[in-house]
Amino acid sequence: MKSILTFFFIISTLCIYAQKPETNNVVYADSTKIVSFFTNFEESKMACKDGYAMNGYIVNISYDQAKKLDGKKIKVTGLFTIITGLKNLPKEYDQNGNEIIMQGRLNDIEYIDSPTIEIITK
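Please read all numbers here as calculations on a predicted model, not as lab measurements. (Residues numbered from 1 in each chain as written. Predicted model: local features only at pLDDT ≥ 70, side-chain atom pairs only at ≥ 80, totals over all residues. Heavy atoms only, no water.)

Sorry, what's going on with the packing of aromatic side chains here?
Working definition: an aromatic ring pair is given by the centre-to-centre distance plus the angle between the planes. By the definition in use, this model includes three aromatic pairs. Three or more aromatic residues joined by ring pairs form one cluster here, namely Phe37, Tyr57 and Phe80. (Phe/Tyr/Trp six-rings, centres within 6.5 Å; stacked < 30°, edge-to-face > 60°.)

Following this line, the structure appears as structure tokens:
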């Protein structure tokens, strides 16, 4: 019975540590990285999979809020973070030496998560 429990313990321990932890590629900016800019918001032209592309930043805005801002001049202020792109990450290889194909954006992304938005003109 002891040998069965010991064997079970060893196998379960190996299985727990066999999974590679998922690394987060977000590099948080310091508090001096607050940006502010003006833009004419056009919902249909600025929409992308992560939010809305404005002045080189991806801004996280809900769809409902974007519909209200459509066609207006706005001021966006917020703290941005840089999400490392695939081009700046080291290549990973499998056990056979083949390169692992990764999904994601190629270049770094400057991302504003919780922006403060002011409407300048209606």
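What is the right way to look at the pattern of salt bridges in this model?
One side chain can pair with another of opposite charge once the charged atoms of both are near each other. Under the defined criterion, the tally for this structure stands at three salt bridges. Put simply, Lys45 and Glu42 hold a salt bridge, and the shortest N to O gap is 3.3 Å. One salt bridge in this structure joins Asp50 and Arg105, with 3.0 Å as the shortest N-O distance. Taken together, the residues span a long stretch of sequence, with Asp50 in the loop between strand 3 (47–48) and strand 4 (51–54) and Arg105 in the loop between strand 6 (73–83) and strand 7 (109–112) at a distance of 55 residues. (Salt bridge = Lys/Arg side-chain N within 4 Å of Asp/Glu carboxyl O. Helix = DSSP H or I, 4+ residues; strand = E, 2+ residues; numbered from the N terminus.)

So what exactly am I meant to see when it comes to the side chain of Glu43 here?
Of note, Glu43 is situated in helix 2 (residues 43–46). A distance of 3.3 Å separates the side chain of Glu43 from the side chain of Tyr52, its partner in a polar contact. Dropping the residues within four chain positions of it, Glu43 is found in contact with Tyr52, Tyr63, Ala66, Lys67 and Asp70. (Polar contact = N/O pair within 3.5 Å; in protein donor to acceptor, adjacent residues only side chain to side chain. Contact = heavy atoms within 4.5 Å.)

Could you clarify how one ought to interpret the nonpolar core in this entry?
Most often, soluble globular proteins have nonpolar side chains that are buried together. Of all hydrophobic cores here, the largest spans 16 residues; its most connected members are Phe41, Met54, Val59 and Ile61. Counting residues per element, this core draws most heavily on strand 6, which supplies three residues. (Core = buried A, V, L, I, M, F, W, Y, C linked by side-chain atoms within 4.5 Å. Buried < 20%, exposed > 50% of the residue type's maximum accessible area, 1.4 Å probe, protein only.)

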